[in-house]
Every structure is written in structure tokens, then in C-alpha cells.
Amino acid sequence: MNFGIIGAGSIAETMAYTIMNMSEVNLYAIASRSIDKAISYKEKYHMQAAYGSYEELAQDKNVDVIYIATPHSFHFEQAKLCLENGKHVLCEKAFTANAKQAEELIEMSERTGLFLGEAMWTRFMPLVYKLEEILENKTIGEVSSITANLNFPMMHKERLIKAELAGGALLDVGIYPLTMASIVMGDDIDYINATGILTEEGVDKIGQYTLVYKNGTLADLNAGMCSFGDGCAVIYGTKGRIVVEGVNCPECVKVYDGDSNLIEKWSKEEQISGYEYEVKACVADIKAGKTESERMTHGKTLKMMHVMDEIRKQMGVKFPFEL
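Just so it is clear, the structure is predicted and the values come from calculations on it, not from any experiment.

Chemist: Give me the overall build of the chain: which residues, what numbers.
Modeler: A tally of regular secondary structure across the chain gives ten helices and 14 strands. Expected size for 323 residues packed as a compact globule is a radius of gyration near 20 Å; at 20 Å, the chain falls within 12% of this value. Taken along the three principal axes of its C-alpha coordinates, the chain extends 60 × 45 × 35 Å. Per-residue burial for the chain yields a buried fraction of 56% across its 323 residues. When contacts within the chain are restricted to residue pairs at least 6 apart in sequence, long-range pairs at least 24 apart make up 65% of them. Distance between charge centres in the chain, computed from 32 positive and 46 negative side chains, equals 0 Å.

Written out as C-alpha cells, the structure reads:
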């Protein structure tokens, strides 16, 4: 199955390296606004084609699947372009800038029968499967709450500081604590309280999100792009707690009893980059004729976009193209 990549930034480079080292897929082509950059990627990762426009890649009949690795503001138009040209799509998170865009793309996918998936790699990690198993077995009893954070100093990155690029911490890193909360607590949210500190450009540089669920449980989440955090999640239960080190790419899962004794520890297995799990799942779903992933369904994507729309509304973040 031939993969094409839209965008030639650092995330695209990680995906190119990953696919190049996989046997299940073939890294076929890349498109960038800069043909020189595309050619450089083509040569570095041994691709067959390089394009200076996204339209050319979307129209290449040899390409089966296109991975979108551009800033959030471009995801909608580029995914739409790919679907219109009969291509399956794996789109980097955040899926789109808002729920309205996501709804239109999902409708196109389901109408055309083409696969459309959000590249939320966390959900496909082996350690996340293990975490779900631990929770299912009620090793720490009934879960009452979760705390999670992800923070990196990234104020120098243009795609994150510009409102017209759908910048801000929420869509880039805030989505990870929110995803971990979704994995652990589900999506039956009663209400959300969110606050944030905005930049002069009007995007969130740090945010605090509290999600209260209808079953009386709670998620206390934090994300930002102006400082470092430990990137951990802690899940609290009636018989103990679970610590997940690496909320976006779990490195280790530790289980403690009520006396803080370590009773189980699971570490990640050797991997290419961690992206390979979502790629394998994408390929399997396409071969099975599915339009969505069982692990990252259209419904889950849409619920997350609605949650982030509400958080942005409460923080006072609105992108120029939404006005």
C-alpha cells in the first residue's frame, strides 16, 4: 500500500522514517509548498515521487493513502482535497480546527466509503492496551479521578503562536491529557470548566481543564507551550493508583496499592517511533473496507473536537477564519 505525505516538517520526517522501516507499507511520495524541500525528503527517504503542490500528490494514481502533517488550520482543506481525489486519509491530530470542519470530513468519508482516520498515536500504543486491561481488571478498584499534563516550551514555533494557523497549546498538546482522560474515564461528560492564559496573538499558551463526568468522577488536566512539565498522568482508585509516565507516548505504567507499594510495572517495548502502530491499524482497516478505525472512531474524533471547541470558548480563543 503506497503512502504519500503532505507537509515536510518534523512530524512528517518522523512518519517518513517510520514508514521507511516498515514492511507493511511503501513510502511512495511527498508534497511540500517547496519543491526543493520535497525533493530533499524524497532523496533522504528513498521515495519514488516529490511534488511542489498538494494537488499533484492527491491526483497521483499510484498513491493509496495520504498522511497529512501540516498545521491544524490546513487539515480540513487538505483532507477534503484527498477525499475528493479518491484517497484514503490519515490526518495528524488535532483532526481539524473545530467540530464543524470535522463533521463535514466525516460525512464525506462515510458517503464515499474512503477511510478517514485521526492519527492519535496514543490510542494505538501497546502500553495503552495494557492500561485498559489493568482498569478492566479493577486492580486499583473504582476510579474516582485522573490528573494529567503535557507542557513544552514551544513559543518559538510559528504554527503554535499564530491564530491564523489554529495555534495555541490546546490543539497541539492539550489534546493528549484530554485523550488520556477519554481513555480512562470515557466521554460521558457532565460539564467542563476551563481557563487559560492567552498570548498577545489571542491563542492559549497555557490552559487548565476540569472535566466532570455524569458518574461523579473528575479529570484535572493541564497543558501549555511556555514551560516544561512531567508529562505524567495519575489515575486514582479506591484500592490504589496508576502512574502513566508519558501521557502522549507512554514510556512506563506503574501500579501502586493503597499503601503506595509498587505492585506492577510495565515498560514500553522496542519500537521504530511509536507511529507504526497507528499506521498498521490504518492499513488493516482499509484492507477490511472500513471508513474508520475501531480504536479512533469518527465518533471519538468528533466528541474530542466538541470538547476542545467548548474549552476554547471558555478560554476566549477564536481563530480568524471562524469569525
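Once the structure has been displayed, the description carries forward.
Chemist: Describe the side chain of S273, and please don't skip the residues or the numbers.
Modeler: By the secondary structure assignment, S273 is in the loop between β14 (262-267) and α9 (276-287). Note on S273: relative accessible area 18%, which makes it buried. Excluding residues within four positions of it along the chain, S273 makes contact with T14, T18 and W121.

Chemist: So what's going on with the environment of E322? Which residues, and what values?
Modeler: Locating E322 in the fold gives a position in the segment after α10 (298-315). For the pair E322 and S23, spaced 299 residues apart in sequence, the C-alpha separation works out to 42 Å. Setting aside anything within four residues of it in sequence, one finds E322 in contact with A97, N98 and R312.

Chemist: Which residues make up helix α6 (residues 126-136), and what values go with them?
Modeler: When we look at burial in α6, the residues that qualify are L127, V128, K130, L131, I134 and L135. For α6, the angular spread of buried residues about the axis comes to 155 degrees, placing them on one side. Tucked inside the fold, the buried residues of α6 contact β7 (143-151), α8 (169-185), β11 (232-237), β12 (240-245), β13 (252-257) and β14. Looking one or two residues beyond α6, the residue adopting positive phi is K138, at roughly 55 degrees.

Chemist: Could you give me a rundown of the sheet that holds β7, with the residues and numbers involved?
Modeler: Ordered by their spatial adjacency, eight strands build an open sheet running β8-β9-β10-β7-β11-β12-β13-β14, and the pairing between neighbours is mixed. One side of each edge strand has no neighbouring strand; the edge strands of this open sheet are β8 (189-198) and β14. Between one strand and the next, the sheet's axes are offset by a mean angle of 10 degrees, whatever the strand orientation. In this structure, β8 lies alongside strand β9 (residues 204-213), joined through nine bridges in antiparallel fashion. Each residue of the ladder has a partner; that of A194, found in β9, is Y209.

Chemist: Give a detailed account of the nonpolar core, specifying residues and quantitative values.
Modeler: If you look at the biggest cluster of nonpolar residues, it comprises 114 residues, and the most contacted ones within it are L178, Y209 and I242. The greatest single-element share of this core, amounting to twelve residues, is contributed by α8. Leaving out residues up to four positions away in the same chain, I242 has contacts with L131, I134, L135, I140, A233, V234, I235, V253, K254 and V255.

Chemist: Lay out the pattern of salt bridges in plain terms, naming residues and giving numbers.
Modeler: Scanning the entire structure with this criterion turns up 17 salt bridges. The partner of K80 in a salt bridge is E104, and the shortest N-O contact between them spans 3.2 Å. Of the two residues, K80 sits in helix α4 (residues 72-84) while E104 sits in helix α5 (residues 99-112), which places them 24 residues apart along the sequence. You can call E104 partly exposed: its relative accessible area is 35%. As a salt-bridge pair, E142 and K138 come within 3.2 Å of each other at their nearest N and O atoms. By relative accessible area, E142 is classed as partly exposed at 46%. A network of salt bridges, in which partner residues are shared, links K93, R159 and D172.

Chemist: Hey, could you go over the packing of α8 against α10 for me, with residue numbers and the actual values?
Modeler: Running from N to C, α8 and α10 point in directions that differ by 120 degrees, and their axes come no closer than 11 Å. With respect to their mutual orientation, α8 and α10 come out oblique. Considering how the two elements wind past one another, α8 and α10 form a crossing that is right-handed. Of the residues in α10, those touching α8 at L170, L171, I175, L178 and T179 are M304, V307, M308, I311, R312 and M315. Among the residues making up the contact of α8 with α10, the classes are represented as nine nonpolar, one polar and one charged.

Conventions and cut-offs
- Residues numbered from 1 in each chain as written.
- Predicted model: local features only at pLDDT ≥ 70, side-chain atom pairs only at ≥ 80, totals over all residues.
- Heavy atoms only, no water.
- Helix = DSSP H or I, 4+ residues; strand = E, 2+ residues; numbered from the N terminus.
- Rg over C-alpha atoms; globule rule 2.2 N^0.38 Å.
- Buried < 20%, exposed > 50% of the residue type's maximum accessible area, 1.4 Å probe, protein only.
- Contact = heavy atoms within 4.5 Å.
- Lys, Arg positive; Asp, Glu negative; His and termini not counted.
- Charge placed at Lys NZ, Arg CZ, Asp CG, Glu CD.
- Arc of directions from axis to C-beta.
- Pairing = 2+ DSSP bridges.
- Axes fitted to C-alpha atoms, helices over the stretch in contact; angles between N-to-C directions.
- Core = buried A, V, L, I, M, F, W, Y, C linked by side-chain atoms within 4.5 Å.
- Salt bridge = Lys/Arg side-chain N within 4 Å of Asp/Glu carboxyl O.
- Parallel < 35°, antiparallel > 145°, perpendicular 65-115°, else oblique.
- Left-handed = near helix turned anticlockwise from the far one by under 90°.
- Nonpolar A, V, L, I, M, F, W, Y, C, P; charged D, E, K, R; others polar.

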